[in-house]
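The chain contents come next:
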Amino acid sequence: MPAPVTPSISLQFVKKIVVQFCPWEANVRSTRNFLSHVGAASARKTNPDCKIQTVVKHDRSSPHIHIDFFDGKQLIFKSTHLTTPEMLHKLLKWHNVRFAQLSPEEKEKATAAKPR
């Protein structure tokens, strides 16, 4: 069976990501995979100012991911029963909504901007 396709990640409109999990729980694989995707160099280049914080707890708490966007909106995943592709596709969907709200001049500037 082929592996699920994961979208390329853009953190262009993301201000901060907090990933919290207990490593001793069995249901944290997708959360850790999500962290590796958003922490990858290709994703970080899309917004070097995005803060990515990892909170490792040892209290048997369920994993969750909290994403803050520059427009004040928040996306929270209670990732116990979510797969990595589901979370990545939702993040991509939120990115596309924000990109669609830009004016044509802002869109051109955003797509032409070179990462630092």
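Residues numbered from 1 in each chain as written. Predicted model: local features only at pLDDT ≥ 70, side-chain atom pairs only at ≥ 80, totals over all residues. Heavy atoms only, no water.

(A) How the structure looks around the pattern of salt bridges. Summed over the entire model, instances satisfying the criterion amount to two salt bridges. Residue Arg 98 pairs with Asp 71 through a salt bridge whose shortest N-O separation is 3.1 Å. Here Arg 98, found in helix 3 (residues 84–100), pairs with Asp 71, found in the loop between strand 3 (64–69) and strand 4 (74–78); they are 27 residues apart in sequence, far enough to count as distant. What makes Asp 71 partly exposed here is its relative accessible area of 43%. (Salt bridge = Lys/Arg side-chain N within 4 Å of Asp/Glu carboxyl O. Helix = DSSP H or I, 4+ residues; strand = E, 2+ residues; numbered from the N terminus. Buried < 20%, exposed > 50% of the residue type's maximum accessible area, 1.4 Å probe, protein only.)

(B) A look at the pairing of strand 3. Bridge count for strand 1 (residues 14–21) against strand 3 is six bridges, and the pairing is antiparallel. Considered in strand 3, the bridge of Val 19 is made with Ile 65. Pairing analysis gives five bridges linking strand 3 to strand 4, with the strands arranged antiparallel. Within strand 4, the residue paired with Ile 65 across the bridge is Phe 77. Joining the antiparallel neighbours strand 3 and strand 4 is a turn of four residues, in which Gly 72 adopts a positive phi near 95 degrees. (Pairing = 2+ DSSP bridges.)

(C) Local environment of the packing of helix 1 (residues 29–38) against helix 3. For the pair helix 1 and helix 3, the least separation of the axes is 8 Å and the interaxial angle reads 45 degrees. Relative to helix 3, helix 1 is oriented oblique. The element helix 1 and its partner helix 3 pack so that their crossing is right-handed. Contacts from Ser 30, Thr 31, Asn 33, Phe 34, His 37 and Val 38 of helix 1 reach helix 3 at Thr 84, Met 87, Leu 88 and Leu 91. Taken together, the residues that form the contact of helix 1 with helix 3 break down as five nonpolar, five polar and no charged. (Axes fitted to C-alpha atoms, helices over the stretch in contact; angles between N-to-C directions. Parallel < 35°, antiparallel > 145°, perpendicular 65-115°, else oblique. Left-handed = near helix turned anticlockwise from the far one by under 90°. Contact = heavy atoms within 4.5 Å. Nonpolar A, V, L, I, M, F, W, Y, C, P; charged D, E, K, R; others polar.)

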